[in-house]
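Survey of secondary and tertiary structure
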Amino acid sequence: CARFKNRNGDALEGQPVETIYQKAHRSMLSGNWSTAEEAFKRLVAQYPYGPYTEQALIETAYAQYKAGQHDDAVSTIDRFIRTYPTHKNIAYLYYLRGLTNSSRDAVFLQRVWHLDPARRDLATPMQAYNDFSIVAERYGNSRYAADARERMAKLRDTFARYEMDTALYYLRRDANVAAIDRAKYVLENYPQSAYQADAIATLASAYKALGNTTLAADARAELQKVDPNHAYLRGNWPDYPGHLRRLNPFGGDASALKH
Amino acid sequence: EVFSPFTVTDIRVDGLQRIAAGTVFTYLPIERGDTVDSAKVADAIRALYKTGFFEDVRVEKQGDILVVQVTERPAINKLTISGNKDIKTEDLTKGLTEIGLSEGGTFDRLALDRVTQELTRQYNNRGKYNVEITPTVTRLDRNRVDVAIAVKEGAAARIRHINLVGNEKFPEQDLRDSWESRETNWKSFYKRDDQYSREKLSGDLEKLNSYYLDRGYIDFTVDNTQVEISPNRQDMFITAGLTEGEQYKVSKVDVTGDTILPKAEIEKRVLVKPGQVFSRRLLEITTDSISAMLGNVGYAFAHVNATPDVDRENKTVGLNLQVVPGPRVNVRRIIFKGNTRTSDEVLRREMRQFEGSWYSQAALDRSKIRLQGLGYFESVDVDSQPVAGTPDQVDVVVTVKETTSGSFVFGLGYSQLSGLTTQIQVSQNNFLGTGNRVSVQANRNSFLKRYDFSFVNPYFTDSGVSLGYNLWWREFDNSNYNTAQFNSTSGAAQMVLGIPITETDTISAMFGIDSNEIFASRGSAPDPLVDYIDAVGNRTFHTLRGQVGWSRNTLDNFLTPNTGMLQRFSAEVALPGSTVEYFKLNYEISKFWRINRHLVLNTRAEIGYGDSYGKDFTRNVCYTAGTFQDTDNNPTTPNVYVPGPAPTEPCLPSSPDYAKTITATGLPFFENFYAGGVRSVRGFSDNTLGPRATATGSTFLQPIGGAVKTVGSVEMFFPSLINSPGARVSAFLDVGNVFASRGAFDAGQLRASTGVALLWRSPMGPISISYAFPFRKEPTDKLERLQFTFGGVF
Amino acid sequence: CGIVYHQPVYQGNLLEKSAVDQLQAGMDKQQVILLLGTPSVSDPYHQERWDYVSTQRTGRVTGTEKKDFVLFFDGDKLARWEGDYFPEQDEQLARNSIRQFGPNLAKDKEKKKRRPSGG
């Protein structure tokens, strides 16, 4: 197979840049990411500058992302940003880095086993959030800004969900100070997240468990304002999933949070 | 040139090829409309050089236009490295990319020189002093270059001689016992310990320093070290000059400062006593244990300053241990890192330290042991970091490195003997990262069908009550386990429950029903087995099975323990109503002693005992042998076997054709204990120790196991012999055997063997290899000196 | 039921009588923190009040013992304080932690150099 590889390499040696680009681009369209990546690499090596080179680098990063080589994609993107900081569609590079980082550590077949990404290490999704915030703030009117903002909101909900699951973990174990701290963290860091009301409800139940009636009443009043029909006000919150579910190997990650 | 200040109306950049003008403007600190003088121009030039894109930058003034003249550095077309053996090409290319040399990147001569120096330094570190690195740069068109780095490693310089000068109190041989750098010896061809490296030597000198300081020589210094290399750069000579100074004893020890806890408690931890020879190691252990004691009650930053006051005349040193507790600290957040597969709660529920609570070193240490105990991680690291802006809060960061905690085997094969074989076996201790243990096994071939499913949720309740169930259907040929020749078809359904009763103790219960059909035919299965079946008068054994157990685990590490003990006791009963009523008791104990840094002793014992408690089964057997007769009285045709008359019913000892009485008592043979093999007495092949029996008409002795099992072992581990955390070498003495019954126990019959073993935590799971010499054995024993197991936790 | 083991749950601050006795009206928030440490509960909707909550659940069947020592501020100045807190029990906690969690692990050498050196 090595023989086949460099025959392909020789075929590209000394070709005009347009032909190499067309050949690589065709492999991209047919979804043949590794041959496309290889062809683009030969193009960049032979023609180290010019519009085709820049386009080739961008499509290499995209090919690596689609092929699931997340680490390579991020290093290609970083090298491009360092060399062409003012390229006309630099926004796309930050956006692509955001996409790569948000799916970098996703557990295989995550949705099939209905696993909750918020339960696992959030280091790469946090990097994705930073990438998308660059797109939204610095390139606010680029084509990608709207989608970046939407993805940021979804990521914020994931981070808030992680904090809330941990808050409920501690609430169940009568570790009320820990639950209060996690709920406050949600209120301070993810103000418009979908778990605003749940956080206030956690404060109220923790204060009630601590026997601190004044703080519990005020928290309840606050919850009344934010979400009048929250389950806590009707008395059955948090509604933890049943124990029997824990005997089902394919039960996945269940949580008392409904969103 | 000197510039009189002027305002720039426009900026023009000449000489650009690859780099876009926009890029230059981003890094250029001057814009249109700025007033510019020579200092500003110098900054601009420096800024452009820093980008690394340009070989040369010149700035001129044409009227009010600032002209920046640049020549770009060439791009690297091909980058090849040849002749490197010790350092792999991928590591080299990664190193080069970090320095800034990679295909498609800009070529910078300065970076190339840095690379050559770096490579030479790395090779020197490996003792290769006459390495030659020659980079060649060939220019191509379109401002491109090919870079080739040729490496000629040359032979490694060997340490021929190490010489310590000035050591009167201790022989050089003891001083250098624990050194890594050694003179060339027969082991060097694989240990490479005679290869010189600066880090190794400085590590060894540090060991020398500790050796003296641990024996009272507080003035010890290494004055000078010379490392000479022979002209042909093949041989190295190391000499170290040292002054020992005098040995000092401890005159007094007093504990000062705010000790928080009563002084008496603290003083109990002080190992350094007046009159002793001063030892830095004892002092360190003392200060560590005092700060840990305060760390257990919230003083995370506690430390002890030991200030010596030296009395030169009578060679004594007084020690003032000043306790500095620092503030009482609360834990704000516990953050887990590296758990891309394992869910956060699976880790958090093992933590004994709570958020929003005071810091406890003991709770954090216990949490680390418990996290390791899960078996999901290669490494667990617990670290606490102060929270910025508050004097008394820390965040605890737990970094884990996940390993494959399970196996997935899929096999499809065909062989004449067993026809089409299919085998699917999925067992995962951390199924989908939820912490549940799931094992599914299905294999089929012509003489074996097996379908197993088992599931355990270790945290059915938040406090750790575990619940699970096992279901299996097996059609088995036991002979492939070296035991007696009989087949069994069994099916079972069981519920398993585990309840933690203290931090280290758990009680467990199992309840299940199973049926076991035995095929033991006269002539192939040993006679006692067939007699048992005949006596019971039924081949299918239905059992209502109950089991209760207790276990205590105080080991300090899951896979390579150094201290602590593991005990397990279980009582299994075939409850009344089962075809045969019996019970089985099992007790295991394994204790670890840390002798010193290099030796860990482990003593293990396992005792098993089983017996029946219901009524025995007796049966009288009447039988008259048949004869060969010439039924068709035609001499040419062979005689035909004519069976004897039917046995009299009911068969009594008094009946004429009475042959014998057989009774079925004690533990049923299919529940017998077995011994021999890697998990009990090494050196003997699996399950072959203990009583044997022959089938009618054969002299082949088949092991049938026994109702009493006594196995013991004494093993000495050498953790520092191989310095990888995942591997441990040990020497062992195994003793043990199984006996038919309590009465049959005879210490003389105990088999014993001694040997060496290697325990290695490979990426595919734990592997153990052992080589044993059985020295108390009988001629009929089946020996197997080299044995290994793969996977599974033992 | 009583036989199931529950790990001890401690929450909040451990206050010392000697420190609490030095509280004086008019102290600013910084001085209070130096004396008693950071409060475990400072409710987002009550800027004028700090709750030094402390709770303990150690027994098998006993519930969680709860105490709350509350400080009220007038602006940035300490106005009044009330409530109670667990009496000094360091010695008992030290003994319990060894009995409960076993001896401390040895500090591994290179990590010792990176120990948090605050305070």
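Structure report, in brief. (Residues numbered from 1 in each chain as written. Chains lettered and ligands numbered in written order. Predicted model: local features only at pLDDT ≥ 70, side-chain atom pairs only at ≥ 80, totals over all residues. Heavy atoms only, no water.)

Right, let's talk about the state of the cysteines for a bit. Residue and element names in this part refer to chain B. Using the criterion set out here, one finds one disulfide over all chains in the structure. The disulfide partner of C622 is C651, and the gap between their sulfur atoms is 1.7 Å. Between C622 and C651, the S-S dihedral sits near 95 degrees, and the bridge is therefore right-handed. Taken together, the residues C622 in strand β29 (residues 617-622) and C651 in the loop between β31 (640-642) and β32 (658-664) connect sequence positions 29 residues apart. Both residues of the pair, C622 and C651, count as buried. (Disulfide = S-S within 2.5 Å. Helix = DSSP H or I, 4+ residues; strand = E, 2+ residues; numbered from the N terminus. Buried < 20%, exposed > 50% of the residue type's maximum accessible area, 1.4 Å probe, protein only.)

The next point concerns the sheet that holds strand β5 (residues 65-72) of chain B. Residues and elements named next belong to chain B. Taking strand neighbours across the sheet as the criterion, the three strands line up as β2-β5-β4 in an open arrangement whose pairing is mixed. Pairing within the sheet leaves two strands with one partner each, and these edge strands are β2 (10-14) and β4 (54-62). Ignoring strand direction, the axes of neighbouring strands in this sheet form an average angle of 20 degrees. The sheet contact formed by β4 and β5 spans eight bridges and is antiparallel. Bridge pairing in β5 links V59 to V68. (Pairing = 2+ DSSP bridges. Axes fitted to C-alpha atoms, helices over the stretch in contact; angles between N-to-C directions.)

Listed as interface residues are 39 residues of chain A and, on the opposing side, 45 residues of chain B. When the buried surface of chain A facing chain B is broken down by residue, Y49, R246 and L247 of chain A rank first, second and third, together holding 16% of it. For the pair chain A and chain B, the number of links is six salt bridges. Between D462 of chain B and R246 of chain A there is a salt bridge whose closest N-O contact spans 3.3 Å. (Contact = heavy atoms within 4.5 Å. Buried area = accessible area lost by both parts, 1.4 Å probe. Salt bridge = Lys/Arg side-chain N within 4 Å of Asp/Glu carboxyl O.)

Let us look at the packing of helix α6 (residues 90-102) of chain A against helix α7 (residues 123-138) of chain A. Residues and elements named next belong to chain A. As a packed pair, α6 and α7 sit with axes 7 Å apart at the nearest point and diverge in direction by 160 degrees. The angle between α6 and α7 places the two elements in the roughly antiparallel class. Here α6 runs over α7; the crossing is left-handed. In this structure, α6 contributes A91, Y94, Y95, R97, G98, L99, N101 and S102 to the contact, and α7 contributes T124, P125, Q127, A128, D131, F132, I134, V135 and R138. A breakdown of the residues in the contact of α6 with α7 according to their chemical character gives nine nonpolar, five polar and three charged. (Parallel < 35°, antiparallel > 145°, perpendicular 65-115°, else oblique. Left-handed = near helix turned anticlockwise from the far one by under 90°. Nonpolar A, V, L, I, M, F, W, Y, C, P; charged D, E, K, R; others polar.)

Quick look at the sheet that holds strand β13 (residues 303-311) of chain B now. Residues and elements named next belong to chain B. The strand order β12-β14-β13 describes an open sheet built from three strands, whose pairing is mixed. Unpaired on one side and paired on the other, β12 (249-257) and β13 mark the two borders of the sheet. Strand-to-strand, the axes of this sheet are offset by a mean angle of 20 degrees, without reference to chain direction. By the bridge criterion, nine bridges tie β13 to strand β14 (residues 316-324) in an arrangement that is antiparallel. Looking across to β14, one finds that T307 is bridged to N320.

Moving on, we come to α6 of chain A. Residues and elements named next belong to chain A. The end-to-end C-alpha distance of α6, which contains 13 residues, comes to 19 Å, matching closely the 18 Å that a straight helix rising 1.5 Å per residue would cover. In terms of burial, α6 is largely enclosed, as twelve of its 13 residues are buried. Within the sequence span of α6, burial applies to I90, A91, Y92, L93, Y94, Y95, L96, R97, G98, L99, T100 and N101. The inward-facing, buried residues of α6 contact α4 (51-66), α5 (70-83), α7 and α8 (145-172). (Expected span 1.5 Å × (residues − 1).)

Below, the discussion takes up the nonpolar core. With 105 residues, the main nonpolar core has Y95, F132, Y170 and Y207 of chain A together with L371, F377 and V398 of chain B as its most contacted residues. Of the residues forming this core, the biggest block, eleven residues, is contributed by α8 of chain A. When neighbours within four sequence positions are excluded, Y95 of chain A is seen to be in contact with F132, V135, Y144, D147, A148 and R151 of chain A. Ranked by size, the runner-up nonpolar core spans 31 residues in total, among them A484, V580, L667 and F669 of chain B. (Core = buried A, V, L, I, M, F, W, Y, C linked by side-chain atoms within 4.5 Å.)

Let us now look at the pairing of strand β7 (residues 132-140) of chain B. Residue and element names in this part refer to chain B. Looking at chain direction, β7 and strand β8 (residues 144-152) are connected through nine bridges and run antiparallel. In the strand pairing of β8, V137 is matched with V147. Linking β7 back to β8 in an antiparallel pair, the connection comprises three residues, with R142 at a positive phi of about 55 degrees.

Taken together, the contact between chain B and chain C spans 50 residues of the former and 35 residues of the latter. Sorting the residues of chain B by area buried against chain C places R328, F354 and W358 of chain B first, and these three jointly supply 15% of that buried surface. The tally of links from chain B across to chain C stands at 14 residue pairs in polar contact (both at pLDDT 80 or more). Elements that contribute at least two residues to the side of chain B that touches chain C include exactly α9 (280-295), α11 (361-373), β16 (377-386) and β23 (487-500) of chain B. Per-element accounting of the side of chain B that touches chain C gives the leading share, seven residues, to α11 of chain B. (Polar contact = N/O pair within 3.5 Å; in protein donor to acceptor, adjacent residues only side chain to side chain.)

All names here are of chain B. In a regular helix each residue adds 1.5 Å, so 13 residues correspond to 18 Å; helix α2 (residues 38-50) covers 18 Å between its end C-alpha atoms and thus fits that length. Here α2 has its buried residues at V41, A44 and L48. Down the axis of α2, the smallest arc covering the buried residues is 55 degrees, so these residues share one side. Within α2, the exposed residues directed more than 90 degrees away from the buried face are R46 and K50. Looking at the packing, one finds that the buried side of α2 touches α1 (21-27), β3 (35-36), β4 and β5. (Arc of directions from axis to C-beta.)

The values are spatial; any link to function lies outside them.
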